[in-house]
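As a plain string of letters, each chain reads:
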Amino acid sequence: MKRIKEKIIHGLFFFNGVLVVMVLLGIFALLIFTAIPAFKEIRLSEFIFSSNWNPTSYVKSSYGIGAMLVSTFMVTLGSLLIAIPLGIGTAAYLSDVASPKVREIAKPVVEILAGIPSVVIGFLGIVLVGPLIAKIFHIPNGLNAVNGSILLAIMALPTIVSMSEDALNSVPKSYIEASLALGASHWQTIVKVKIPAALSGIIAACMLGMGRAIGETMTVLMATGCAPAMPEGFFSAVRTMTSTIAIELGEVPYYTTHYYALFGVGLVLFIITFLVNMTSDIILHKHQRLSR
Amino acid sequence: MKKYFILFMAIFSLSLTANSVFAQNMLQIKGSDTLINLVQKLAEEYMEKNPGKYIAVTGGGSGTGIAALTNKKCDIANASRLMKSKEIDMANQRGVNPKRVVIAMDGLSVIVNGRNSVDKLSMDQIGKIFRGEITNWQDVGGKNSPITLYGRQSNSGTFVFFRDAVVKADYSAKMNRMNGNAQIVEGVRSDSSGIGYVGVGYVKEARGITVLKVARSAKGDYASPLNADDVKSGEYPIARPLNQYIDGSTKGAIEDFIAFELSQEGQRIVEQEGFFPIPVDYEDFNEKSVGL
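As the structure is a computational prediction, the values presented were derived from the model and not from experiment.

Undergrad: Before we move on, can you summarise the overall build of chain B with the specific residues and values?
TA: What chain B contains, in helices and strands, is 12 helices and 12 strands. In terms of principal-axis extent, the alpha carbons of chain B reach across some 80 × 50 × 35 Å. Across the 292 residues in chain B, those meeting the buried criterion constitute 47%. Sequence separation of 24 or more characterises 74% of the internal contacts of chain B that already satisfy a separation of 6 or more.

Following this line, the structure appears as structure tokens:
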């Protein structure tokens, strides 16, 4: 009787795991099969390299995601430039410098930051960060890539802080003790011994934060102006791939070229996020193997 | 025993939600952002007068509403533009026979920031501005600052109507595409060199913005959308009917609500919300189209 119960539970867990993999493969398959009909009408080179996305044009429909790819990378890059130094610094502070009482308060607060809905952050972008940017840089409005970068940095920060702190905490105590014994100061130990030792974990954290920033929709849709032109710099309005899908999928009649093209954009997004996550996973595994 | 008690409580509490989940014959209305506040107010009044009837109104833009009607996902589509012949064909292919009702008149308002000295423009000038051919306020009599364009997204009926009636080409790729009328008003209010277009119901109580007077040609008379007579007579060049589309083959609860919208009570609410009541020739059109 007990053995049958064991077998059933084993089976349920196995089924659970297989289900998750099947969902992932299913999403990938759906994206591929719904995107392929688009490429009967659109040349692949035009799709990826043209910066003219105008499916509902007055004159001629065009489906080029070049400007959107650049926009997505711009806001992601901008957000990482802010979030990585801030995140690693916070993680180092939490794991080494903060007293236990401060750590008890600060760590949950950072985790709560991760739970703020993206619409709320987008709202803050329009109402608070946008006018602030406009005032500081003397430009007419704050609907640009800088705004998007700041907001995405806020969203990627908790991921980076959490995982980096875990990586820093798992550095063997012997390293720290050896460094201090050789006469290094606390500061030198953190910067020259601890962080390099935890580097692969920190890199994995940054890549996961990057994945979060790439896939963010509502925030960039509300706060970056969504102008489809190729952005000229960080102070122009940008339009990411995610906002394009969110804006247009509601109104597109099913099974038209526009519909298939939107799934094509989704496929590109899926592939990018998948590669980022897979890279971070490989790096993390290498780190875990080494530290054993 | 305890296990069965918990199971019973779970099923019991789930069954309590049944009343709201299976709400009888909830009328689904989707579509135009220009119409959403107006139709929500009409729906609220109607539900107050007819307890037991439920109406759900959501936005998403005229394009989204029309697509939902075509895909049989809503009963009434709010549309601030007309259905294109391609859309009507697609609806017929899916077994839907769209019938149009006009429920209000709108004077599409072009707004600028309150501190902008420009207070009137011709249709030609507005077209050039939104095509991106005029890029500085000094070219139309204002001060030397680059123009920031605020418009809607491609799922919006107002986007399509303004493009076909005024811009007559594709919009400038640098135009910021905002999520709705309210966001355009906010954007223009906080940007001293902004210009945008919104339904007249949204400028009724707005502060910090100027509603431009528009003339058909530079030598003609300038008319304002806030003047009901100009809108009704056609003096104001960008007046348009606000429509609802229904599937011609359905009747009953939908007809009752539309009759309420067209009644004196309904038209009074239209005026309260800042739009204009239906002129006589559209009343005749409604008679012919749906018999109301």
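Undergrad: Could you give an account of the overall build of chain A, naming the residues involved and the relevant values?
TA: Of the regular secondary structure elements, chain A holds 13 helices and two strands. Seen along its three principal axes, the alpha-carbon backbone of chain A occupies a region of about 75 × 70 × 30 Å. For chain A, the residues scored as buried account for 39% of the 292 residues in total. Put simply, of all contacts in chain A between residues at least 6 apart along the chain, 74% involve residues at least 24 apart.

Undergrad: Break down the environment of Tyr93 of chain A for me, citing the residues and quoting the values.
TA: All names here are of chain A. You can see Tyr93 is positioned in helix 4 (residues 66–97). For Tyr93, a count of 16 C-beta atoms within 10 Å translates into the label partly exposed. For the pair Tyr93 and Arg103, spaced 10 residues apart in sequence, the C-alpha separation works out to 9.0 Å.

Undergrad: Go over the domain arrangement of chain B, please, and point to the residues and values.
TA: Residues and elements named next belong to chain B. Domain boundaries assigned for chain B yield domain 1 (2–105 + 242–290) and domain 2 (109–233). One C-alpha centre belongs to domain 1, the other to domain 2, and the line joining them spans 29 Å. Taken together, the contact between domain 1 and domain 2 spans 19 residues of the former and 17 residues of the latter. Broken down by secondary-structure element, the contributors of at least two residues to the side of domain 1 that touches domain 2 are helix 3 (33–49) and helix 4 (62–70). Top element by residues in the side of domain 1 that touches domain 2 is helix 3. It accounts for four residues. Each residue belonging to the side of domain 1 that touches domain 2 can be placed in one class, and the counts come to six nonpolar, 10 polar and three charged.

Undergrad: Got a sec to walk through the environment of Pro231 of chain A? Specific residues and values, please.
TA: All names here are of chain A. You can see Pro231 is positioned in the loop between helix 11 (218–223) and helix 12 (241–248). Along the backbone, Pro231 and Met74 are 157 residues apart, and their C-alpha atoms lie at a distance of 9.0 Å. Ignoring sequence-local partners within four residues, the contact set of Pro231 consists of Val70, Ser71, Met74, Ala145, Ser236 and Val238.

Undergrad: Mind laying out the sheet that holds strand 1 (residues 27–31) of chain B, listing which residues take part and the relevant values?
TA: Residue and element names in this part refer to chain B. Strand order in the open sheet formed by five strands is 2-1-3-12-4, with mixed pairing between adjacent strands. Both outer strands of the open sheet, strand 2 (55–60) and strand 4 (98–107), are each paired with one neighbouring strand and no more. The mean inter-strand angle of the sheet, taken between neighbouring strand axes irrespective of direction, is 20°. Note that strand 4 and strand 12 (residues 239–247) share nine bridges and pair antiparallel. By the bridge assignment for strand 12, Gly107 is matched with Ala239.

Undergrad: Let's hear about the sheet that holds strand 10 (residues 209–211) of chain B: which residues, and what values?
TA: Residue and element names in this part refer to chain B. The five strands lie next to each other as 8-7-9-5-10, forming an open sheet whose pairing is mixed. Of all the strands in the sheet, the pair left with one neighbour each is strand 8 (176–177) and strand 10. Relative to strand 10, strand 5 (residues 109–113) runs antiparallel, the two being bridged by three bridges. By the bridge assignment, Val112 is partnered in strand 10 with Thr210.

Undergrad: Give a description of the packing of helix 6 (residues 118–137) of chain A against helix 7 (residues 145–169) of chain A that names residues and reports values.
TA: Residue and element names in this part refer to chain A. Between helix 6 and helix 7, the shortest axis-to-axis distance is 10 Å and the interhelical angle comes to 135°. The pairing of helix 6 with helix 7 is recorded here as oblique in orientation. Between helix 6 and helix 7 the crossing geometry is right-handed. Two secondary-structure elements touch here, helix 6 through Ser118, Ile121, Gly122, Gly125, Val129, Gly130 and Ile133 and helix 7 through Val146, Asn147, Ile150, Leu151, Ile154 and Met155. Here the residues of the contact of helix 6 with helix 7 sort into eight nonpolar, five polar and no charged.

Undergrad: Tell me about the interface of chain B and chain A, and name the residues and values.
TA: Listed per partner, the contact involves 27 residues of chain B and 23 residues of chain A. Within the residue set of the side of chain B that touches chain A, elements represented by two or more residues are helix 4, strand 8 and helix 8 (181–190) of chain B. A total of four residues in the side of chain B that touches chain A trace back to one element, the largest contributor, which is helix 4 of chain B.

Undergrad: How would you explain helix 4 of chain B if you had to name every residue and give the values?
TA: In terms of burial, helix 4 of chain B is a largely internal element, nine of the nine residues being buried. Regarding helix 4 of chain B, the residues found buried are Ser62, Gly63, Thr64, Gly65, Ile66, Ala67, Ala68, Leu69 and Thr70 of chain B.

Undergrad: Which residues make up the environment of Thr72 of chain A, and what values go with them?
TA: Among the secondary structure elements, Thr72 of chain A is positioned in helix 4. Setting aside its immediate chain neighbours within four residues, Thr72 of chain A contacts Ile214, Thr240 and Met241 of chain A.

Undergrad: Residues and numbers for the nonpolar core, please.
TA: Judged by nonpolar contacts, the single largest core of 144 residues is most densely connected at Ile160 of chain A together with Ala104, Ile111 and Val214 of chain B. By residue number, the principal contributor to this core is helix 7 of chain A, which donates 15 residues. The two domains that each donate at least three residues to this core are domain 1 (2–105 + 242–290) and domain 2 (109–233) of chain B. The residues touching Ile160 of chain A, leaving out its near neighbours within four places in the chain, are Ala83, Ile84, Gly87, Ala205, Cys206 and Gly209 of chain A.

Undergrad: Which residues make up the packing of helix 4 of chain A against helix 7 of chain A, and what values do they have?
TA: Residues and elements named next belong to chain A. The N-to-C vectors of helix 4 and helix 7 enclose an angle of 35°; their axes lie 6 Å apart at closest approach. When you trace helix 4 past helix 7, the crossing you get is right-handed. Counted by class, the contact of helix 4 with helix 7 contains 20 nonpolar, nine polar and one charged residues.

Undergrad: Would you mind going over unusual backbone geometry in detail, with residue names and values included?
TA: Positive phi values are uncommon outside glycine, yet His138 of chain A reaches one of about 55°. The phi torsion at Lys168 of chain B lies on the positive side, around 55°, for a residue other than glycine. Tracing the backbone shows Lys168 of chain B in the loop between helix 7 (157–167) and strand 8. On the neighbour-count criterion, Lys168 of chain B (13 C-beta atoms within 10 Å) is partly exposed.

Undergrad: Give a description of the confidence of the model for chain B that names residues and reports values.
TA: For chain B, per-residue confidence averages 88 on the pLDDT scale, and 96% of positions sit at 70 or higher. The complex prediction reports pTM at 0.83, with the ipTM value standing at 0.81.

Procedures and definitions
Residues numbered from 1 in each chain as written. Chains lettered and ligands numbered in written order. Predicted model: local features only at pLDDT ≥ 70, side-chain atom pairs only at ≥ 80, totals over all residues. Helix = DSSP H or I, 4+ residues; strand = E, 2+ residues; numbered from the N terminus. Buried ≥ 20, exposed ≤ 12 C-beta atoms within 10 Å, placed from the backbone. Contact = placed C-beta atoms within 7 Å. Domains from an automatic or database assignment. Nonpolar A, V, L, I, M, F, W, Y, C, P; charged D, E, K, R; others polar. Pairing = 2+ DSSP bridges. Axes fitted to C-alpha atoms, helices over the stretch in contact; angles between N-to-C directions. Parallel < 35°, antiparallel > 145°, perpendicular 65-115°, else oblique. Left-handed = near helix turned anticlockwise from the far one by under 90°. Core = buried A, V, L, I, M, F, W, Y, C linked by C-beta atoms within 7 Å. pLDDT = per-residue confidence, 0-100.

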